[in-house]
Amino acid sequence: MAERYELKNKEVWDGNMAAAHALRQAQVDVVAAYPITPSTPIVQNYAQFLADGYVDGEFVMVESEHSAMSACVGAAAAGGRVATATSSQGYALMVEVLYQASGMRLPIVMTVVNRALASPLNIHGDHADLYLGRDAGWIHLIANNPQEAYDMTLCAFKIAEDERVRLPVTTNQDGFLVSHTAQVVEPLQDEEAYNFIGEYKALNPMLDTKNPVTYGAQTEEEWHFEHKANQHKALMESTPVIEEIFNKFADISGRKYNIVETYKLDDADIALVVMGSAYETAMLAVDKAREEGIKVGLLMPRVFRPFPYNQVAEKLKNVKAVAALDRSAPMGAMGALYNEVSGALAANGQSAIMTNYIYGLGGRDTTVEHILEVIRETNENAKAGKRVTPLQGFINLRGPKLSFN
Amino acid sequence: MLQIRWHSRAGQGAVTGAKALADVMARTGKYVQAYSVYGAEKRGAPMTAYDKIDDKPILDHSKWMQPDYVLVIDPSLVFQEEIVDNTKDDTIFIVTSHMDKDDLLSIAKHLQGKKVYIIDAIKISQEEIGRAIPNTPMLGAFIKVSNIIPFEDFLVSIEDILSKFPKKIIEGNLRAIKRAYEEVK
């Protein structure tokens, strides 16, 4: 029996420590991992908890991230609660198996610390890995600070394992800006956290030898489509379940999360859409812009997949211009948030002027002043009643602006 | 918001020092942020660490800051002009050096006209802890200069934060902190 960990009401934890404690409190049966910067301390802290007697489960050291996720798939199909952590190149190496995990409807939780993808090699934060896993059939939750990294990881288990969902979930926190930044975190006590998630219920476990089952079978054109359509439908219909779980979490923690988070959007003329730690930095820019008389608000999809199209459109129904800020190199297109938000608005007959900004690649700093400049440009579009700024710009890029119009 | 920037070489304990200070201040009810900026380089490379301390939750996740205090824990970095980057007229510098103030400022001209305090944190850590880990003596000097919390309260918190270490290390660090508190000038 795992020992109870003494926690203070307020701890000073970085995002990695916060995620590691959430994994510990979930009493995961199997963690299989291959550590990589900047998520290494999640696995390192977890291994320390295990060595110190605070974890009963198995910790499997493997030879690569592909093996890590493969071991997770095996353990989850066998019938256990399973989790891992990764970043960047490790995430990329897992991609093949990410699709396998979701296709087999295995409720694995992966705490991702977001980091740029090479080349050029870079260990710092951006959303390249999150966007790489966009279509992998996982639910993707976003955490903006260490408290949220902890809270989202607890919620992730409950969402993944809900019988109406049974899909794998990632929690995402920005490399270094959250993962290595110590802030005040108010954790739940061990029993409270575990009781919130609940006992693991195995569905069709392979270790139940009296009821043999097959995972990852071959289906050609007669059944593949039906499997994928059903899997997609489960993902799209997970939104109300996620909402229900966020509400249950609010009941015990006092911290209320929403499918779509907003800040000062109710009376806003213009909006910025941004995900991750920059959402909080942008709050300060919104406050400053409002002092200048610009009525601006913020929106963030807390749940990046399934993308909450109708909720986003509803929240943005009164704004005249929207800037979508993407923290990933879009490589031949607009950023993902630009595309999703544009689609959400178009589907609902809304016609706010849309622009796209790329920021923070490879850990490039994005300050309140930088975001304030985006707000001022977006306000120019609203005032002109048409787009007068480039379609796609780069925030805090050195040298030529390289905007696309 | 109180903002503090540490200049260090990787391995000298600036990250641990920044996190310890954040932990101490959080215990007084403050909101804190402690982070560092470094690349993939290893031990010995110059790096910076940061503390933000406020009465309300800290939302700014950018790395940029205009520090109220600059803490330099490596004696050679005192001579790098980067230590005055983005500082204000009233930013206070606490630097580790074996030199006296006049001699130091005659070489480190970028510090002339600034509020500068000197502590030989390297010597203190070598003599009291047995290793050149100048982070905890710098904390002692910082508490003296800033008077941010009563020194006795600081000692109680830091002893608890260090409690995972062997008794000899804890005692050495406490001696180093107390000595730095007395010797900073």
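This is a predicted model, so every value here is computed, not measured. (Residues numbered from 1 in each chain as written. Chains lettered and ligands numbered in written order. Predicted model: local features only at pLDDT ≥ 70, side-chain atom pairs only at ≥ 80, totals over all residues. Heavy atoms only, no water.)

Quick word on the sheet that holds strand β3 (residues 58-61) of chain A
Residue and element names in this part refer to chain A.
Alright, step 1. Spatial strand order, β3-β2-β4-β5-β7-β6-β12: seven strands in an open sheet with mixed pairing. Edge strands, defined here as strands with exactly one partner in the open sheet, are β3 and β12 (303-305). The average angle at which neighbouring strand axes cross in this sheet is 20°, direction not considered.
Alright, step 2. Here strand β2 (residues 30-33) runs beside β3; their pairing, made up of four bridges, is parallel. Note on β3: the bridge partner recorded for Ala32 is Val60.
Alright, step 3. Contacting β2, β3, β4 (82-86), β5 (109-114) and β7 (169-174), helix α2 (residues 40-51) crosses the sheet at an angle of about 135° to β3. (Pairing = 2+ DSSP bridges. Helix = DSSP H or I, 4+ residues; strand = E, 2+ residues; numbered from the N terminus. Axes fitted to C-alpha atoms, helices over the stretch in contact; angles between N-to-C directions. Contact = heavy atoms within 4.5 Å.)

Some remarks on the interface of chain A and chain B
Alright, step 1. Contacts between the two partners involve 24 residues from chain A, matched on the other side by 21 residues from chain B.
Alright, step 2. Viewed at the interface, chain B and chain A are joined by one salt bridge.
Alright, step 3. Between Lys19(B) and Asp14(A) there is a salt bridge, with the nearest N and O atoms lying 2.9 Å from each other.
Alright, step 4. Linking chain A with chain B are nine residue pairs in polar contact (both at pLDDT 80 or more), by the criterion used here.
Alright, step 5. With five residues, helix α10 (residues 277-291) of chain A is the largest single contributor of residues to the side of chain A that touches chain B.
Alright, step 6. Here the residues of the side of chain A that touches chain B sort into nine nonpolar, eleven polar and four charged.
Alright, step 7. Note: strand β8 (residues 182-185) of chain A against strand β2 (residues 31-37) of chain B, two bridges, orientation antiparallel. Among the inter-strand pairings, Gln183(A) is bridged to a residue of β2(B), identified as Gln33(B). (Salt bridge = Lys/Arg side-chain N within 4 Å of Asp/Glu carboxyl O. Polar contact = N/O pair within 3.5 Å; in protein donor to acceptor, adjacent residues only side chain to side chain. Nonpolar A, V, L, I, M, F, W, Y, C, P; charged D, E, K, R; others polar.)

A short note on the domain arrangement of chain A
Residues and elements named next belong to chain A.
Alright, step 1. Domain annotation of chain A identifies domain 1 (11-253) and domain 2 (260-394).
Alright, step 2. Here the C-alpha centre of domain 2 lies 28 Å away from the C-alpha centre of domain 1.
Alright, step 3. A combined buried area of about 2200 Å² lies between domain 1 and domain 2, and 57% of that area is made up of carbon and sulfur atoms.
Alright, step 4. It is Tyr131, Ile142 and Asn144 in domain 1 that bury the most area against domain 2; as a group they hold 29% of the surface buried on that side.
Alright, step 5. At the junction of domain 1 and domain 2, the tally comes to two salt bridges.
Alright, step 6. Between Arg302 and Glu148 there is a salt bridge, and its shortest N-O distance comes to 2.7 Å.
Alright, step 7. The interface formed by domain 1 and domain 2 includes 13 residue pairs in polar contact (both at pLDDT 80 or more).
Alright, step 8. Within the residue set of the side of domain 1 that touches domain 2, elements represented by two or more residues are α5 (128-132), β6 (139-142), α6 (146-161), α8 (224-236) and α9 (239-253). (Domains from an automatic or database assignment. Buried area = accessible area lost by both parts, 1.4 Å probe.)

Considerations on the environment of Gln33(B)
Alright, step 1. By secondary structure assignment, the location of Gln33(B) is in strand β2.
Alright, step 2. Judged by its relative accessible area of 1%, Gln33(B) falls in the buried class.
Alright, step 3. What Gln33(B) contacts, discounting residues up to four positions off in sequence, is Thr181(A), Ala182(A), Gln183(A), Tyr50(B), Asp51(B), Lys52(B), Ile58(B), Asp60(B) and His61(B).
Alright, step 4. One polar contact links the side chain of Gln33(B) to the main-chain carbonyl oxygen of Asp60(B), over a distance of 3.2 Å. (Buried < 20%, exposed > 50% of the residue type's maximum accessible area, 1.4 Å probe, protein only.)

A word on the pattern of salt bridges
Residues and elements named next belong to chain B.
Alright, step 1. One pass over the structure, following the stated rule, counts 34 salt bridges over all chains.
Alright, step 2. Among the salt bridges present, the one from Lys167 reaches Glu171, with a minimum N-O distance of 3.5 Å. A residue pair is termed a helical-turn pair when its members lie 3 or 4 positions apart in one helix, as Lys167 and Glu171 do in helix α6 (residues 167-183) at four residues.
Alright, step 3. By relative accessible area, which is 37% here, Glu171 ends up partly exposed.

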